[in-house]
Amino acid sequence: MISKFINNDITAGEFETQFLNLWNKNRDSKYEMLDIRTRQIINTLFLDVDEYAPDELYDAEDKYNINEEEFRKRVKVALTNLTNRHSVIYPKNNRLMKWMFDTYVKWLVGKQF
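All of these numbers come straight from a predicted model, not from anything done at the bench.

**Q** Give a detailed account of helix H2 (residues 12–26), specifying residues and quantitative values.
**A** Under the 1.5 Å per step criterion, the end-to-end length of H2 is 21 Å for 15 residues, consistent within 8% with the ideal 21 Å. Looking only at H2, the buried set comprises Ala12, Phe15, Phe19, Leu22, Trp23 and Asn26. Projection of H2 onto a plane perpendicular to its axis shows the buried side chains occupying an angular sector of 100 degrees, all on one side. Opposite the buried face of H2, at more than 90 degrees from it, the exposed residues are Asn24 and Lys25.

Spelled out as structure tokens, the structure:
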């Protein structure tokens, strides 16, 4: 999903909807299996989704909303952080933790690790 948004295959509004659906569906089950730093990255992304405002609603004076350009930048940072996080904390010998991470995050990111 993140990759699709970054590559302009889906709109910011579509990303927002898909992310919130994923969040609501998995927040209390798979999410809790992730390590604290990975959860922090996803929490930050959730806050970015919450702050995103479409052009017609965007108010530059409101410090709690961001336009699509800023939103896209922040989503790219989340993708980088999740990708880097995966390679740091899930060595090949820890298959269970890798499976949990992949199960939750691969759909979000839109690729296999």
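**Q** Please give an account of the packing of aromatic side chains that cites residues and values.
**A** Evaluated as defined, the whole model comprises 7 aromatic pairs. With a centroid separation of 4.8 Å and an interplanar angle of 20 degrees, the aromatic rings of Tyr52 and Phe71 are classed as stacked. Note that Tyr52 is positioned in the loop between helix H3 (36–51) and helix H4 (68–89) and Phe71 in helix H4, a separation of 19 residues in sequence. An aromatic cluster of at least three residues, connected via ring pairs, comprises Phe5, Phe15, Phe19, Trp23, Phe46, Tyr52 and Phe71. Lying over the aromatic face of Phe5, Arg72 brings its terminal NZ or CZ to 4.1 Å of the ring centre.

**Q** Talk me through unusual backbone geometry; I want residue IDs and the actual numbers.
**A** Excluding glycine, most residues fall at negative phi; most peptide bonds, likewise, are trans. Unlike most non-glycine residues, Asn8 shows phi in positive territory, near 65 degrees. Topologically, Asn8 is positioned in the loop between helix H1 (2–6) and H2. Overall, Asn8 belongs to the exposed group, its relative accessible area being 55%.

Rules and cut-offs
- Residues numbered from 1 in each chain as written.
- Predicted model: local features only at pLDDT ≥ 70, side-chain atom pairs only at ≥ 80, totals over all residues.
- Heavy atoms only, no water.
- Helix = DSSP H or I, 4+ residues; strand = E, 2+ residues; numbered from the N terminus.
- Expected span 1.5 Å × (residues − 1).
- Buried < 20%, exposed > 50% of the residue type's maximum accessible area, 1.4 Å probe, protein only.
- Arc of directions from axis to C-beta.
- Phe/Tyr/Trp six-rings, centres within 6.5 Å; stacked < 30°, edge-to-face > 60°.
- Lys NZ or Arg CZ within 6 Å of the ring centre and 35° of its normal.

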